Structure formats: C-alpha cells, structure tokens
Amino acid sequence: MPIVRLHPIDATEVDGADCNTLTGKEFPMNRFLSRFLKDESGATAIEYGLIAALIAVAIIAGATSLGTQLGTTFTNLSTTMQNANGG
C-alpha cells in the first residue's frame, strides 16, 4: 500500500519534503482512516449531554410539582390554624 503524506495542520495530501515540517511522520492512509472512523469521543460527549439535559428537565419538573404541592399544604395548614384560633 502506498504511503500518503498528509500536511500536519489541515491533513491535505502533499508531496515533497514540506509535509514533514511539524511532525516528522508519514501516515499510511488506511491507518488514518481507521483511526478517524473508530473515534467515537464526539458521539459519547453528545450522549452524555443529552442525558444531562433529560435529568435537568426531570429535576425542574419534579421541583415545580413539589413546590405547588407544598404551597397547597401550607395554605391548608394556615387556614386550619386560623379557624382553630377563632379567626
């Protein structure tokens, strides 16, 4: 398999000595492509972001519901105490 030299900054194919100025390495094209296709770090980060967003939505919904229920409970308690006090 022929060795394809890639420019170290923008990964464009180049010929001659200038392709090795920063890295000093040559990359076979099949190794470059296999590494690129196997890299799943971006997908994993997106999945974790979606999970975090869903958890945040669940927490907000739960806190809103709990807040409403607590407000109703304390209003009923206040009314009961006022009625018991002759209010």
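Values in this document were obtained by computation on a predicted structure and should not be read as measured data. (Residues numbered from 1 in each chain as written. Predicted model: local features only at pLDDT ≥ 70, side-chain atom pairs only at ≥ 80, totals over all residues. Heavy atoms only, no water.)

Chemist: Outline the overall build of the protein, supporting the account with residue identities and numerical values.
Modeler: Scanning the protein from N- to C-terminus turns up 2 helices and 2 strands. Each helix and strand of the protein, ordered N terminal to C terminal, gives the series β-β-α-α. The burial tally for the protein puts 5% of its 87 residues in the buried class. Carbon and sulfur atoms form 64% of the exposed surface of the protein, whose accessible area is close to 7200 Å². (Helix = DSSP H or I, 4+ residues; strand = E, 2+ residues; numbered from the N terminus. Buried < 20%, exposed > 50% of the residue type's maximum accessible area, 1.4 Å probe, protein only. Areas by Shrake-Rupley, 256 points an atom, 1.4 Å probe, with all protein chains shown as cover.)

Chemist: If you had to explain a nonpolar patch on the surface to someone new, which residues and values would you point to?
Modeler: On the surface, Leu66, Leu70, Phe74, Leu77 and Met81 cluster together into a nonpolar patch covering about 520 Å² of accessible area. If you trace the backbone, Leu77 turns up in helix α2 (residues 41–84). Relative accessible area serves as the criterion here: at 44%, Leu77 is assigned to the partly exposed category. (Patch = residues over 30% accessible without salt bridge, like charges linked within 9 Å, V, L, I, M, F, W, Y side chains within 5 Å. Salt bridge = Lys/Arg side-chain N within 4 Å of Asp/Glu carboxyl O.)

Chemist: Got a sec to walk through α2? Specific residues and values, please.
Modeler: For α2, which comprises 44 residues, the first-to-last C-alpha distance of 64 Å matches the rise-based estimate of 64 Å (1.5 Å per residue) to within 8%. Trailing α2 by a residue or two, Gly86 shows a phi angle of about 90°, which is positive. (Expected span 1.5 Å × (residues − 1).)

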